[in-house]
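One-letter residues, chain by chain:
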Amino acid sequence: MNVEHKSKTLEIPPRILAYLNEKVSRFDKFFRKEPTLGANLNLLRGKYTCELTLEVSGRIIKASGQGPDMEGSIDAACDRLDVQIRKFHTRVFRRDFKAVAELKGLFQSEVPVEDIEESPEGIVKRKEFEVLPMSEEEAILQIEMLGHQFFVYRNALSNKVCVLYKRTYGGYGLIEID
């Protein structure tokens, strides 16, 4: 597996890189083509974080983990990535239509992957609402008052539809739709 690592807040020691390479090597058995794994290790607000991004044939699977030390955050992220890969594998092999046929080619067929209990598939709830014009500050106030993870609104200045969302490690993100 091709592992690319980076960090904005830490100098990563060689022993941690060796530990990371050892832990992620277990994912090679799942795929026919060699995947690329991006690892981002950081220290944020006193917690070590590891964000893993696995790319194989244009498909991306992400997972992240936190821990009291670098090894703990790597373990948590690898465990989550393992669940994501198994879930993806299970979903691909349960489907039987043309769009999924190419995805089946990504996986080693002889690797046994137990079924992962899944939530109901498809849309389980649909809502319609008026997208109100407001400023970014008003949208932040709304997301806080509602206690939601995201909020859709129309920017009063640009008249664009925007999605405001809470980021995992604090702060907000904004997606503007053209």
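Residues numbered from 1 in each chain as written. Predicted model: local features only at pLDDT ≥ 70, side-chain atom pairs only at ≥ 80, totals over all residues. Heavy atoms only, no water.

Caption draft 1: Seen up close, the sheet that holds strand β2 (residues 36–44). Strand order in the open sheet made by the four strands is β1-β2-β3-β4, with mixed pairing throughout. Single-partner strands in this sheet number two, and they are β1 (2–6) and β4 (59–67). Across the sheet, the mean angle from the axis of one strand to that of its neighbour is 15°, orientation sign disregarded. Here strand β3 (residues 47–56) runs beside β4; their pairing, made up of nine bridges, is antiparallel. By the bridge assignment, L52 is partnered in β4 with A63. Here helix α1 (residues 14–24) sits on the sheet and contacts β1, β2 and β3; the angle it forms with β1, its principal contact strand, is near 140°. (Pairing = 2+ DSSP bridges. Helix = DSSP H or I, 4+ residues; strand = E, 2+ residues; numbered from the N terminus. Axes fitted to C-alpha atoms, helices over the stretch in contact; angles between N-to-C directions. Contact = heavy atoms within 4.5 Å.)

Caption draft 2: Broad picture of the nonpolar core. In terms of nonpolar packing, the biggest core is built from 22 residues, with F27, L52, L54, I74, L81 and I85 touching the most fellow members. Of all elements in the fold, only α1, β2, β3, β4 and α2 (70–94) reach the threshold of two or more residues within this core. It is α2 that provides the largest number of residues to this core, a total of six residues. Sequence-distant contacts of I74, defined by excluding residues within four places in its chain, comprise I16, Y19, L20, K23, L41 and C50. Counting seven residues, the second largest nonpolar core, distinct from the first, contains I143, F151, C162 and L164. (Core = buried A, V, L, I, M, F, W, Y, C linked by side-chain atoms within 4.5 Å. Buried < 20%, exposed > 50% of the residue type's maximum accessible area, 1.4 Å probe, protein only.)

Caption draft 3: Spatial organisation of the sheet that holds strand β5 (residues 133–134). Reading across from one edge, β5-β6-β7-β8 is the order of the four strands in this open sheet, with mixed pairing throughout. In this open sheet, the two strands that pair with only one neighbour each are β5 and β8 (172–177). Helix-sheet contacts for helix α4 (residues 136–146) involve β5, β6 (150–155), β7 (161–166) and β8, and the interaxial angle to β6 is about 155°.

Caption draft 4: Region of interest: the pattern of salt bridges. Taken as a whole and judged by the stated rule, the model has six salt bridges. In this structure, the salt-bridge partner of D82 is R86, at a minimum N-O distance of 2.9 Å. Of this pair, D82 and R86 both sit in helix α2, separated by four residues, roughly a single helical turn. For the residue pair D82 and R86, the accessibility class agrees, reading buried in each case. A salt bridge links E144 to K166, with the shortest nitrogen-to-oxygen separation between them at 3.8 Å. Separated by 22 residues along the polypeptide, E144 in helix α4 and K166 in strand β7 bring together distant segments of the chain. With a relative accessible area of 42%, E144 lands in the partly exposed category. (Salt bridge = Lys/Arg side-chain N within 4 Å of Asp/Glu carboxyl O.)

Caption draft 5: Broad picture of the pairing of β8. In this sheet, β8 lies alongside β7 in antiparallel orientation, the contact comprising six bridges. For C162, the partnering residue across the bridge sits in β8 and is E176. Turn length for the β7-β8 hairpin, with the two strands adjacent in sequence and antiparallel, is five residues, and the turn residue G170 shows positive phi of about 100°.

Caption draft 6: Quick look at the state of the cysteines. With the rule as written, the count across this model stands at zero disulfides. Its sulfur unpaired, C50 is 6.3 Å from the next cysteine sulfur, which belongs to C78. With a relative accessible area of 0%, C50 lands in the buried category. (Disulfide = S-S within 2.5 Å.)

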